[in-house]
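Chain by chain, the residues:
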Amino acid sequence: MRPKSWTLMVCEGEIMNDGGCYNISYELKDYPSQRACMEKGLTLPKIDGFECGFDCKTTEYGLRVCKTICNKNGCGN
């Protein structure tokens, strides 16, 4: 079983009012902490938006589900 980690999800196109992604352009996986994930997101060049998700899984219907999602506006469950 792989350890739970953070995934950086870079938004594609328009972002939500709360800073979240409508669509994901690409993902960078296996960050050891929320801080490491957020710092990487903030350093990406010309980035419209991003989210960091903890312990993310894809459902059988193709939906991404994470225990916690964070973006530049804070975190939520």
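Quick notes on the rules
- Residues numbered from 1 in each chain as written.
- Predicted model: local features only at pLDDT ≥ 70, side-chain atom pairs only at ≥ 80, totals over all residues.
- Heavy atoms only, no water.
- Core = buried A, V, L, I, M, F, W, Y, C linked by side-chain atoms within 4.5 Å.
- Buried < 20%, exposed > 50% of the residue type's maximum accessible area, 1.4 Å probe, protein only.
- Helix = DSSP H or I, 4+ residues; strand = E, 2+ residues; numbered from the N terminus.
- Contact = heavy atoms within 4.5 Å.
- Pairing = 2+ DSSP bridges.
- Axes fitted to C-alpha atoms, helices over the stretch in contact; angles between N-to-C directions.

1. Quick look at the nonpolar core
Now for step 1: In terms of nonpolar packing, the biggest core is built from ten residues, these being W6, L8, V10, Y31, C37, M38, L44, F50, C52 and C70.
Now for step 2: Of all elements in the fold, only β1 (6-11), α1 (34-43) and β3 (50-54) reach the threshold of two or more residues within this core.
Now for step 3: Of all the elements, β1 adds the most residues to this core, at three residues.
Now for step 4: Those residues in contact with C52, other than ones at most four positions away along the chain, are W6, T7, L8, M9, C37, M38, T68, I69 and C70.

2. Some thoughts on the sheet that holds β3
Now for step 1: Reading across from one edge, β2-β1-β3-β6-β7 is the order of the five strands in this open sheet, with antiparallel pairing throughout. Edge positions in the sheet fall to β2 (24-31) and β7 (74-76), since each has one partner strand and no second. Averaged over all neighbouring strand pairs, the angle between strand axes comes to 20 degrees, with direction disregarded.
Now for step 2: Examined bridge by bridge, β1 and β3 share five bridges and lie antiparallel to one another. Bridge assignment links V10 to a residue of β3, and that residue is F50.
Now for step 3: Its contacts with the sheet place α1 against β1, β2, β3, β6 (68-71) and β7, and it is angled at close to 25 degrees to β1.

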